Amino acid sequence: MARRDNLLLGSLELDALREAGNIGAGRAATVLSKILATRIEMTVPKAQIREVWDALELAGGAEQLVAGLYLRFSGQWRGSLLLFYSQEAVASLLGRMVGGQVSPLLELNELERSALEELGNILLANFLAALSELSGLYIRPMVPTVAIDMAGAIIQEVMAASGEQSDHALLITTELVEAEGGARGHLLILPDARQLEVLLEALGVEARE
Amino acid sequence: MNLTGSIRVAMADYQVAKAPAQLITTGLGSCVGIALYDPKVKVAGLAHIMLPDSKQGLPSSNEGKFADTAIVALIREMEEAGAQRIRLQAKIAGGAQMFNFADHNDHNSIGQRNVEAVQAILGELRIPLLAEDTGGGRGRTIAFDPNSGRLVVRTVDSGEREL
């Protein structure tokens, strides 16, 4: 397979990726709506190839305190998913899941933290399941994990892990908007090196050389 | 941390500054920030490296991404700005591991490998490492002041400390 370090995707490829992102996001939103008994809408406004280090800007400021839900996946498609929530979004989501007053982001207790982890697990695993059905690729999600820290530091650690062999990342930005609480999350998809063409091929789109 | 008159160093990048300008880099996770400093002429350089070794993985044209190539490139640029290699001192921060995987057996995290690579390269180049704030589980923002030679490290939960 050809190296794609300088890959520029055409509109056809980007449309296919955006569509795949939408289908995955839709599935995750449906499941989340059921859990929280509220309406969740997910939109996929952007699919783009970015230089790894440019993606830091997308985190809404490198020093912004966020909860980052991180999930590695392997199988016939390999990469990472990273879902970001702000302090306000976490308070809104956890308030619905565990009830009562939610601790500040840096002081989450064991129950709140594991609820957040479980939420990430359900959302991200369902996202991947939909993508797997769409593409026909077997995708195995690993155990997700949560970090609460500066957005820049979180995204950077994930990129170092997935970008070890490549300077580029596919970022499909997904917004997860809770109809009532207004909790908004951002989902980044980071295929490992040379994995983007695997997905495009499975989706029936031939990437240009 | 005073952000006015500061030069921002992006991820996988390096910059050189003379006093009174400050060098700053935000959101170091497993990356390592390497501040080099010539106290006589007050020329400083800051690199934000992402990975330990340019010889692993695919070839990359980006010198700033790897510890080995970034430090060499940074020194070259500092020498052009009037610094002398023999006088250089170093302070480093970063190399954290924020995610802990239950099913992950690789104890040697990228952050730890980055720190070890930087220490080894500085040792080879005989540049004294005066202070470091590395490892742990927190992201860091750092600022270096070429006038005082101080490196300020900030985290989300324990405020600022000075190296």
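Up top is the structure these notes are about.
Here's a quick rundown of the structure. (Residues numbered from 1 in each chain as written. Chains lettered and ligands numbered in written order. Predicted model: local features only at pLDDT ≥ 70, side-chain atom pairs only at ≥ 80, totals over all residues. Heavy atoms only, no water.)

Section: the overall build of chain A
For chain A, the count of helices and strands is 5 helices and 7 strands. The secondary structure elements of chain A, listed N-terminal to C-terminal, are α-β-β-β-α-α-β-β-α-β-β-α. When each of the 209 residues of chain A is scored for burial, the buried share is 56%. Within chain A, contacts between residues separated by at least 24 positions form 74% of all contacts whose residues are at least 6 apart in sequence. (Helix = DSSP H or I, 4+ residues; strand = E, 2+ residues; numbered from the N terminus. Buried < 20%, exposed > 50% of the residue type's maximum accessible area, 1.4 Å probe, protein only. Contact = heavy atoms within 4.5 Å.)

A short note on the sheet that holds strand β2 (residues 13–18) of chain B
Residues and elements named next belong to chain B. Pairing is mixed across the open sheet formed by 5 strands, whose spatial order is β2-β5-β4-β6-β7. Two strands bound the open sheet, and with one partner strand each, they are β2 and β7 (129–134). Each strand axis lies, on average, 10° off the axis of its neighbour in the sheet, ignoring direction. Looking at chain direction, strand β6 (residues 89–94) and β7 are connected through 5 bridges and run parallel. Its bridge partner lying in β7, alanine 90 is registered against leucine 129. Relative to strand β5 (residues 43–49), helix α1 (residues 67–80) is tilted by about 160°, and along the sheet it contacts β2, β4 (32–38) and β5. (Pairing = 2+ DSSP bridges. Axes fitted to C-alpha atoms, helices over the stretch in contact; angles between N-to-C directions.)

Points about the packing of α1(B) against helix α2 (residues 110–124) of chain B
Residues and elements named next belong to chain B. α2 packs onto α1 with a crossing angle of 45° between their chain directions and a minimal axis gap of 9 Å. Relative to α2, α1 is oriented oblique. The crossing of α1 and α2 is right-handed. Only Ala117, Val118, Ile121 and Leu122 of α2 make contact with α1, whose side of the interface consists of Ala67, Asp68 and Ile71. (Parallel < 35°, antiparallel > 145°, perpendicular 65-115°, else oblique. Left-handed = near helix turned anticlockwise from the far one by under 90°.)

Some thoughts on the packing of aromatic side chains
Using the criterion set out here, one finds 3 aromatic pairs over all chains in the structure. Note on A:Phe73 and A:Trp77: the rings are 4.9 Å apart at their centroids and 35° apart in plane angle, and the pair reads as tilted. By relative accessible area, which is 0% here, A:Phe73 ends up buried. Seen from their ring centres, B:Tyr37 and B:Phe144 are 5.4 Å apart, and the 65° between their planes marks the pair as edge-to-face. Of the two residues, B:Tyr37 sits in strand β4 while B:Phe144 sits in strand β8 (residues 140–145), which places them 107 residues apart along the sequence. (Phe/Tyr/Trp six-rings, centres within 6.5 Å; stacked < 30°, edge-to-face > 60°.)

Things to note about the nonpolar core
With 45 residues, the main nonpolar core has A:Trp77, A:Leu81, A:Tyr85 and A:Leu116 as its most contacted residues. The greatest single-element share of this core, amounting to 9 residues, is contributed by helix α1 (residues 11–36) of chain A. In this view, A:Leu116 contacts A:Ala67, A:Leu69, A:Val90, A:Leu94, A:Leu108 and A:Val146; residues no more than four positions away in its chain are not counted. With 39 residues, the next largest nonpolar core counts A:Met159, B:Ala21, B:Ala35 and B:Ile142 among its residues. (Core = buried A, V, L, I, M, F, W, Y, C linked by side-chain atoms within 4.5 Å.)

Let's talk about the sheet that holds strand β9 (residues 150–155) of chain B
Residue and element names in this part refer to chain B. An order of β1-β3-β8-β9-β10 is seen for the 5 strands of this open sheet, with the pairing classed as mixed. Each edge of the open sheet carries a strand with a single partner, namely β1 (6–8) and β10 (159–162). Direction aside, neighbouring strands of the sheet carry axes that sit 25° apart on average. In terms of strand pairing, β8 meets β9 through 5 bridges, oriented antiparallel. Bridged to isoleucine 142 within β9 is valine 153.

A few points about the pattern of salt bridges
Taken as a whole, this structure holds 14 salt bridges over all chains when the rule is applied. Salt-bridge contacts for A:Asp192 lead to A:Arg72; the nearest nitrogen and oxygen are separated by 3.0 Å. Of the two residues, A:Asp192 sits in the loop between β7 (184–191) and α5 (196–202) while A:Arg72 sits in strand β2 (residues 65–75), which places them 120 residues apart along the sequence. For the pair A:Asp192 and A:Arg72, a shared accessibility class is recorded, and that class is buried. Measuring nitrogen to oxygen at the nearest pair gives 3.2 Å for the salt bridge that ties B:Asp133 to B:Arg161. One end of the pair, B:Asp133, is in strand β7; the other, B:Arg161, is in strand β10, and 28 residues separate them in sequence. B:Arg161 sits in the partly exposed class, given a relative accessible area of 43%. (Salt bridge = Lys/Arg side-chain N within 4 Å of Asp/Glu carboxyl O.)

As for α1(B)
Residues and elements named next belong to chain B. Here α1 is 14 residues long and its end C-alpha atoms lie 20 Å apart, about the 20 Å a rise of 1.5 Å per residue gives. For α1, the complete set of buried residues consists of Ala67, Asp68, Ala70, Ile71, Ala73, Leu74, Ile75 and Met78. Looking at the packing, one finds that the buried side of α1 touches β2, β4, β5 and α2. At the exit of α1 stands glycine 82, carrying a positive phi of roughly 110°. (Expected span 1.5 Å × (residues − 1).)

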